[in-house]
Each structure stands twice: as structure tokens, then as C-alpha cells.
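Below, each chain spelled out in residue letters.
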Amino acid sequence: QVQLVESGGGLVQAGGSLRLSCAASERAFSRYTMAWFRQAPGKERDFVAAISRSGTMTRYADSVKGRFTISRDNAKNTLALQMNSLKPEDTAVYYCAGRADLWEVLFTTGYADWGQGTQVTVSS
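Anyway, here's the lowdown on the structure attached to this text.

What the protein contains, in helices and strands, is zero helices and eleven strands. In the protein, the order of α-helices and β-strands from amino to carboxyl end is β-β-β-β-β-β-β-β-β-β-β. Each of the three principal axes of the protein carries a C-alpha extent, and together these read 45 × 25 × 25 Å. Residue pairs at least 24 apart in sequence account for 61% of intrachain contacts in the protein once pairs closer than 6 positions are excluded. Accessible surface for the protein amounts to roughly 6500 Å². Of this, 47% is attributable to carbon and sulfur atoms. Side chains of the protein give 14 positive and 11 negative charges; the mean places of these two sets differ by 4 Å.

About the cut-offs
- Residues numbered from 1 in each chain as written.
- Predicted model: local features only at pLDDT ≥ 70, side-chain atom pairs only at ≥ 80, totals over all residues.
- Heavy atoms only, no water.
- Helix = DSSP H or I, 4+ residues; strand = E, 2+ residues; numbered from the N terminus.
- Contact = heavy atoms within 4.5 Å.
- Areas by Shrake-Rupley, 256 points an atom, 1.4 Å probe, with all protein chains shown as cover.
- Lys, Arg positive; Asp, Glu negative; His and termini not counted.
- Charge placed at Lys NZ, Arg CZ, Asp CG, Glu CD.

These figures capture arrangement, not role.
Written out as C-alpha cells, the structure is:
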């Protein structure tokens with residue numbers, strides 16, 4: 001298991017940008033497929049973006065494609081989510097998540113390790 005801590009959330013106006021970061025405790029961070037999920041009040045937790053172990057593959061939810069960029073720095077054991085052109089509907093608690101994989105693969109489900117989340121609020 002890897003411990004994950006999100007940071008970078010806050011209040012931003014619609015159209016603005018925000019960058020989220022997730023710090024991992026695991027030295028073998030490069031063995032983890034990583035992802036971002038979000039959960040708005042009264043709604044289910046939804047997939048946002050995922051990145052393969054070495055960063056060769058990425059996948060985005062349709063709702064954020066073209067606006068959000070997921071990246072990772074395996075040397076620093078960090079995951080990031082650059083969010084541009086933010087909309088009020090992006091308001092949610094954002095969670096980073098990881099799953100240990102043996103190969104360079106990409107999944108939107110099956111994540112076992114989760115951070116505590118960071119609140120993102122986009123005002124209209």
C-alpha cells in the first residue's frame with residue numbers, strides 16, 4: 001500500500017486554473033498506475049484522469065478532456081493534475097488514487113489506495 005496526500009485545492013473563479021498535487025510515500029511509486037477521481041456533493045465518485053506507471057499512457061473523462069492534464073514525476077513520487085478553464089461543475093473533492101501494476105497498463109477502476117481528498121470550488 002502507498003500513502004497518498006493531496007494538496008493544491010482551493011477556490012477559483014470560473015475560467016481560472018488550479019494545479020493539484022499528490023505526494024506518495026512509496027519509493028516504488030513508479031510501479032503504481034495513478035489516477036484522479038472526484039466527488040461532488042450528493043453524487044458518486046467519478047473518474048477524472050489516469051496515467052500509466054511511466055507516463056506513456058493517459059486517459060481522461062470526457063467532461064475534462066482538453067481542459068485537464070495529468071502528469072507524474074516518478075523521481076519525486078508525485079502526481080499532478082493541471083486544471084484549466086475550470087467550470088462550476090468541476091466543484092468537488094478531488095482524490096488521487098493508485099494501484100500497483102506489474103506492467104505499463106492503464107485502468108479507470110481497481111484503485112485500492114486513496115488519498116483523503118482536497119476540495120476544489122469553482123465560483124461562477
